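Chain residues, written in single-letter form:
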Amino acid sequence: MIPHSRPHVSEDDVEAVAGVVRRGQLAQGPEVEAFEREVAERVGAPAAAAVASGTVALELALRALGVGPDAEVVVPSYACDALHHAVTRCGAQPVLADADPATLTLSVEDAKRRLGPRTRAIIVPHAFGLAVDLAPFEHLGVPVIEDCAQALGARVGGRAAGSQGRAAGSQGRLAVCSFYATKLVAAGEGGMVLGPVDLVARVRDARDYDEREDLVPRSNAKLTDMQAALGRSQLRRLDAFIARRRAIAGEYRRRLAGAPCRAPAEAGAAHVYHRFVVQTEGSVPSALKAMHDRGVTARRPVFRPLHRALGLPGYAEAERLWSTCVSVPCYPALTDDEVETVAAALVEVLAR
Ligand SMILES: Cc1ncc(COP(=O)(O)O)c(C=O)c1O
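Residue positions are given per chain, counting from 1 as you read along its sequence in written order. Given that the model is predicted, a residue must reach a pLDDT of at least 70 before its local features are reported, and side-chain atom pairs must reach 80 or more before they are shown or counted; all residues, however, enter totals for whole chains, interfaces and linings. Excluded from the side-chain calculations are hydrogens and water; all other atoms, namely the structure's heavy atoms, are used.

### A short note on the overall build of the protein
Now for step 1: Helices and strands together make up the secondary structure of the protein, namely 13 helices and twelve strands.
Now for step 2: Throughout, the radius of gyration refers to the C-alpha atoms, and the reference size of a globule is 2.2 Å times the residue count to the power 0.38. The C-alpha atoms of the protein give a radius of gyration of 20 Å, which matches the 20 Å a tight globule of 352 residues would have.
Now for step 3: Each of the three principal axes of the protein carries a C-alpha extent, and together these read 65 × 55 × 40 Å.
Now for step 4: The proportion of buried residues among the 352 residues of the protein is 56%.
Now for step 5: The long-range fraction of contacts in the protein, counting pairs at least 24 apart against all pairs at least 6 apart in sequence, stands at 69%. Under the DSSP-based scheme used, a helix requires at least four consecutive residues in state H or I and a strand at least two consecutive residues in state E, with every element numbered from the N terminus. Throughout, exposure labels follow a simple rule: accessible area from a 1.4 Å probe, protein chains only, divided by the maximum for the residue type, with under 20% read as buried, over 50% as exposed, and the rest as partly exposed. The contact criterion used throughout is that any non-hydrogen atoms of two residues lie within 4.5 Å.

### Here we look at the pairing of strand S9 (residues 191–195)
Now for step 1: Among the five residues of S9, five are classified as buried, and the element is accordingly described as predominantly covered.
Now for step 2: A two-sided burial pattern is seen for S9, the buried positions comprising Gly191, Val193 and Gly195 on one face and Met192 and Leu194 on the other.
Now for step 3: Whether two strands pair depends on DSSP finding at least two bridges between them. Where strand S8 (residues 174–178) meets S9, four bridges bridge the pair, whose relative direction is antiparallel. Opposite Ala175, over in S9, you have Leu194 as the bridge partner.

### Concerning the packing of aromatic side chains
Now for step 1: Only centres within 6.5 Å qualify two rings of Phe, Tyr or Trp (six-membered ring in Trp) as a pair; their planes then separate them into stacked at under 30 degrees, edge-to-face at over 60, and tilted for everything else. If you walk through the whole model with that rule in mind, you get four aromatic pairs.
Now for step 2: Ring geometry for Tyr78 against Phe128: centres 6.2 Å apart, planes inclined by 75 degrees, an arrangement best described as edge-to-face. Of the two residues, Tyr78 sits in the loop between strand S2 (72–76) and helix H4 (82–89) while Phe128 sits in the loop between strand S4 (119–125) and helix H6 (135–138), which places them 50 residues apart along the sequence.
Now for step 3: Take Tyr78: its relative accessible area is 4%, and that puts it in the buried class.
Now for step 4: Exposure remark for Phe128: the relative accessible area of 4% places this residue in the buried category.
Now for step 5: By the ring-pair criterion, three or more aromatic residues cluster together here, those being Tyr252, Tyr273 and Phe276.

### Points about the sheet that holds strand S10 (residues 261–262)
Now for step 1: Here three strands make up an open sheet; going across it, the order is S10-S11-S12 and the pairing antiparallel. Only two strands of the sheet have a single neighbouring strand rather than two, namely S10 and strand S12 (325–328).
Now for step 2: Two elements, strand S11 (residues 276–280) and S12, share four bridges in a ladder whose sense is antiparallel. By the bridge assignment for S12, Phe276 is matched with Val328.
Now for step 3: Each axis is a line fitted through C-alpha atoms, and for a helix only the stretch in contact is used; angles between axes span 0 to 180 degrees, taken between their N-to-C directions. Across the sheet, helix H9 (residues 238–256) is in contact with S10, S11 and S12; its angle to S11 comes to roughly 20 degrees.
Now for step 4: This element, helix H10 (residues 284–293), spans S11 and S12 of the sheet and lies at about 20 degrees to S12.

### Looking at the side chain of Arg275
Now for step 1: Mapped onto the fold, Arg275 is located in the loop between S10 and S11.
Now for step 2: Under this rule, positive means Lys or Arg and negative means Asp or Glu; His and the chain ends count for nothing. Just to be clear on terms, a salt bridge is a Lys or Arg side-chain nitrogen sitting within 4 Å of an Asp or Glu carboxyl oxygen. No salt bridge is formed by the buried Arg275, whose closest oppositely charged neighbour, Glu189, lies at an N-O distance of 12 Å.

### Regarding the sheet that holds S4
Now for step 1: Ordered in space as S1-S9-S8-S5-S4-S2-S3, the seven strands form an open sheet in which the pairing is mixed. Of all the strands in the sheet, just strand S1 (47–51) and strand S3 (93–97) have a single pairing partner and so form its edges. Geometrically, the sheet is characterised by an average inter-axis angle of 25 degrees between neighbouring strands, direction not taken into account.
Now for step 2: With four bridges joining them, S4 and strand S5 (residues 144–147) adopt parallel strand pairing. By the bridge assignment for S5, Ile122 is matched with Val144.
Now for step 3: Across the sheet, helix H7 (residues 197–206) is in contact with S1, S8 and S9; its angle to S1 comes to roughly 20 degrees.

### Observations concerning the side chain of Asp147
Now for step 1: With respect to the helices and strands, the residue Asp147 is situated in strand S5.
Now for step 2: Despite its burial, Asp147 pairs with no opposite charge; the closest candidate is Lys183, at 7.6 Å N-O.
Now for step 3: Distance and chemistry together define a polar contact, namely a pair of N or O atoms within 3.5 Å, with one atom able to donate a hydrogen and the other to accept it when in protein, and with adjacent residues in sequence counting only for side-chain atoms on both sides. There is a polar contact of 2.9 Å between the side chain of Asp147 and the backbone nitrogen of Ala149.

### Observations regarding the domain arrangement of the protein
Now for step 1: The domain boundaries here were taken from an automatic or database domain assignment. By domain assignment, the protein separates into domain 1 (11–235) and domain 2 (238–351).
Now for step 2: Using a 1.4 Å probe, buried area is obtained as the accessible area two parts lose upon being combined, added over both of them. The three residues of domain 1 that bury the most area against domain 2 are Tyr78, Phe128 and Leu184, which together make up 25% of that side's buried surface.
Now for step 3: Remark: the boundary between domain 1 and domain 2 carries two salt bridges.
Now for step 4: A salt bridge links Arg304 to Asp81; the shortest N-O distance between them is 3.0 Å.
Now for step 5: For the pair domain 1 and domain 2, the interface holds 17 residue pairs in polar contact (both at pLDDT 80 or more).
Now for step 6: Elements with a contribution of two residues or more to the side of domain 1 that touches domain 2: S2, S3 and helix H8 (225–235).

### Quick look at the site of the ligand
Now for step 1: Around the ligand there are 14 residues in total, and Gly54, Thr55, Asp147, Ser178 and Lys183 lie nearest to it.
Now for step 2: In the environment of the ligand, a nitrogen atom lies 2.6 Å from a nitrogen or oxygen atom belonging to the side chain of Asp147.
Now for step 3: Side-chain polar atom of Gln150 to an oxygen atom of the ligand: 3.0 Å apart, as the coordinates give it.
Now for step 4: Contact with the protein chains hides 84% of the accessible area of the ligand, taken as 390 Å² for the molecule alone.
Now for step 5: Every element with two or more residues in the shell around the ligand is listed here: helix H3 (54–64) and H4. Only heavy atoms are used to decide nearness, and a residue is near a molecule or strand if one of them lies within 4 Å of it. For every accessible area listed, the method is Shrake-Rupley and the probe measures 1.4 Å; residues are considered covered only by the protein chains on display.

In structure tokens form, the structure reads like this:
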């Protein structure tokens, strides 16, 4: 079976982690500091604080913005549960917005309708690796957290030929990343908050309880030097990873031309294809089963929209995406033969 995701691990990655283990500085130390500097530089952010996961990064970013009980935070329904959990862990109320069919993240118009006197933040993911322009969200007048969990290396406004645009992660009041094993840069687990020095300092304070005079709420949410060493080693290959993801996506797109489905449009530097998401005209469960029968693990790109878990009616576009979207393997560790197997299976299954 070809797995839905598989990290690309090199001997350099192994040596980087082994070096940390040999030196014996396992917990947060110089590797974490260097990783923060390198990701901040890559994204063009003034400062960065590494934490234990993308979910924790979201929670601490919200707390740094002063989100607490009585606050509301607008999040997309068509997204992973991490967004909901990050908001509720702050004691705040998630308010769901419907999806935008063009970007697969939340719709600006629906987000606007959901604003109220208690709205303190909006979380905008660059869904599946497609960088979106945050300006329309920023015009809503509420701080935006830019969720780059799936989009490290994507360039906003990079759609036009030859345009390099601006790095995802450089737009919001704060930005977050994830370094989970399937992400663009994999450290096993891990996350980061990027943004202005004063806000990032709040995240640094909150992630570590040790040797503090006061007892304001803190946690142990640190990244280890072992993880940071792996992340740094992977970051050096990020451009090659993205190039390979784009080449695979280009091949799938070419093979799907004329097939009864909607595949991601060519998006230049704006898309890093964390996921290659196809909208099928048939049933998703039978497409997943048919892909499985052909040796390919495909998945729904969002397990289940949040409004379904909360029993909320409406959210027509999130419903439509949930009942049409299929994500197929698209990652640098795929061999050319595997790409061929996935493409052939996809064409056959969608044509049925
Ligand atoms: C958009 C988005 N935000 C946040 C997260 C949470 O990241 P983590 O799994 O590192 O906690 C994910 C995880 O997949 C994600 O897709």
